[in-house]
Each structure stands twice: as structure tokens, then as C-alpha cells.
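Structural characterization, general
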Amino acid sequence: MADDIPEPPAGFVRSQGRGQFSTHNGPYFHRVTDGDTVEQAFYALPRHTNGIGLVHGGMLSAFTDGLLAMAVGRGTQKVAVTIHLSIDFLHMARQGDWIIGEARMSRATKDVAFADGRLYARGVEIVRASGVFKVMSRHG
């Protein structure tokens, strides 16, 4: 696999059809679930880290934003655009870690939806987040 990425965790497959920003920052992986939870992952490469080898908070934020938006998209079947994102950094992740995220939509109105999620590395919760999203139809 490109970039010396090991096999992803069980059940995860490489995601396709992402926007240019996510494609550039990835690669991202996802696991299909039956419930209302979405799961994504990425392998922390050198380009995802800061000068001391920790996964950069900006990378974790961008990944989390997309994860929560995906949960809203799944829950509403519409496009989700971020209005507000709140992130708590609880622990560190390092180069060589698989970062695994899970998120779910908690509530939706006609125009706005709410989601929460968590990221894990080595089985330790590293990020807790919540977001508010504008939901709208995709214009082509």
C-alpha cells in the first residue's frame, strides 16, 4: 500500500470519492456499520505530525470535522456543513498510530443537525468532539 501504510484495523477499507482536502490529508479508511454510528480511521504518517512526532491538532480537528459531518450526512441523507465544532484533546497520538473515530448524529431539525464523536489511538480516547451542522441539499 502507498506511503508504507500497514493493513487497516479489521473491517476497515480505504475510502474513495472524498473531496480534495480530505484526499490530500488522507488516506482515510471506513468501516460499514449497521447502526447510526459511523467509523473512520487513518494511519498517522510523518506528514500528519508536528515537530515532536505527535499527530498535529489541526489534523485531528480536520479528521474529526469530516467524521461528524459524515454522521450527519448518514442521518439526514443531506450534505452537512459545519457551523460550530468543539474539540477536547484528551491524550496524544503519535506517528505510526492508527487513529480510529466513531461518531453519531444526536438530533436534527429541518435545517440544523447535531453530532458527537470520539477518536482513539492504541485503545485510548484521544479526542472528544461535538458539532452543529447546517443540512442542505446538494446542488450540482
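Residues numbered from 1 in each chain as written. Predicted model: local features only at pLDDT ≥ 70, side-chain atom pairs only at ≥ 80, totals over all residues. Heavy atoms only, no water.

Relative to the elements of secondary structure, E7 occurs in the segment before strand 1 (13-14). Judged by relative accessible area, which is 66%, E7 ranks as exposed. Remark: the alpha-carbon pair of E7 and T109, spanning 102 residues in sequence, is separated by 39 Å. (Helix = DSSP H or I, 4+ residues; strand = E, 2+ residues; numbered from the N terminus. Buried < 20%, exposed > 50% of the residue type's maximum accessible area, 1.4 Å probe, protein only.)

Moving on, we get to the pattern of salt bridges. Under the counting rule described, the total for this entry stands at six salt bridges. Across the pair D97 and R122 runs a salt bridge, and its minimum N-O distance is 2.3 Å. Taken together, the positions of D97 in the loop between strand 4 (79-89) and strand 5 (98-108) and R122 in the loop between strand 6 (112-121) and strand 7 (124-136) put the pair 25 residues apart, joining distant regions of the chain. With relative accessibility at 9%, the residue D97 sits in the buried group. The residue K134 makes a salt bridge to D111 at a minimum N-O spacing of 3.9 Å. Of this pair, K134 sits in strand 7 while D111 sits in the loop between strand 5 and strand 6, placing them 23 residues apart in sequence. (Salt bridge = Lys/Arg side-chain N within 4 Å of Asp/Glu carboxyl O.)

Consecutive side chains of a regular strand alternate in pointing toward one face of the sheet and then the other. Two strands pair when backbone bridges link them, and strand 4 and strand 7 are joined in this way by ten bridges, in the antiparallel orientation. Across the sheet, the residue bridging to H84 is V132, located in strand 7. Here strand 6 pairs with strand 7 via ten bridges, running antiparallel. Each residue of the ladder has a partner; that of R118, found in strand 7, is R128. In this antiparallel pair of consecutive strands, strand 6 and strand 7, the connection spans two residues, and R122 shows a positive phi of 55°. (Pairing = 2+ DSSP bridges.)

Here we come to the packing of aromatic side chains. In total, this model carries five aromatic pairs according to the counting rule given. Ring centres 6.2 Å apart and planes at 55° place the aromatic pair Y28 and F42 in the tilted group. With a gap of 14 residues between them, Y28 in strand 2 (residues 28-31) and F42 in strand 3 (residues 37-43) connect regions that are remote in the sequence. We classify Y28 as buried; its relative accessible area is 4%. Both rings, one in F42 and one in F63, keep their centres 4.8 Å apart while their planes meet at 65°; by these two values the pair is edge-to-face. With F42 in strand 3 and F63 in helix 2 (residues 57-76), this residue pair connects regions lying 21 residues apart in the sequence. Classification of F63 as buried rests on a relative accessible area of 1%. Members of the aromatic cluster, connected to one another through ring pairs, are Y28, F42 and F63. (Phe/Tyr/Trp six-rings, centres within 6.5 Å; stacked < 30°, edge-to-face > 60°.)

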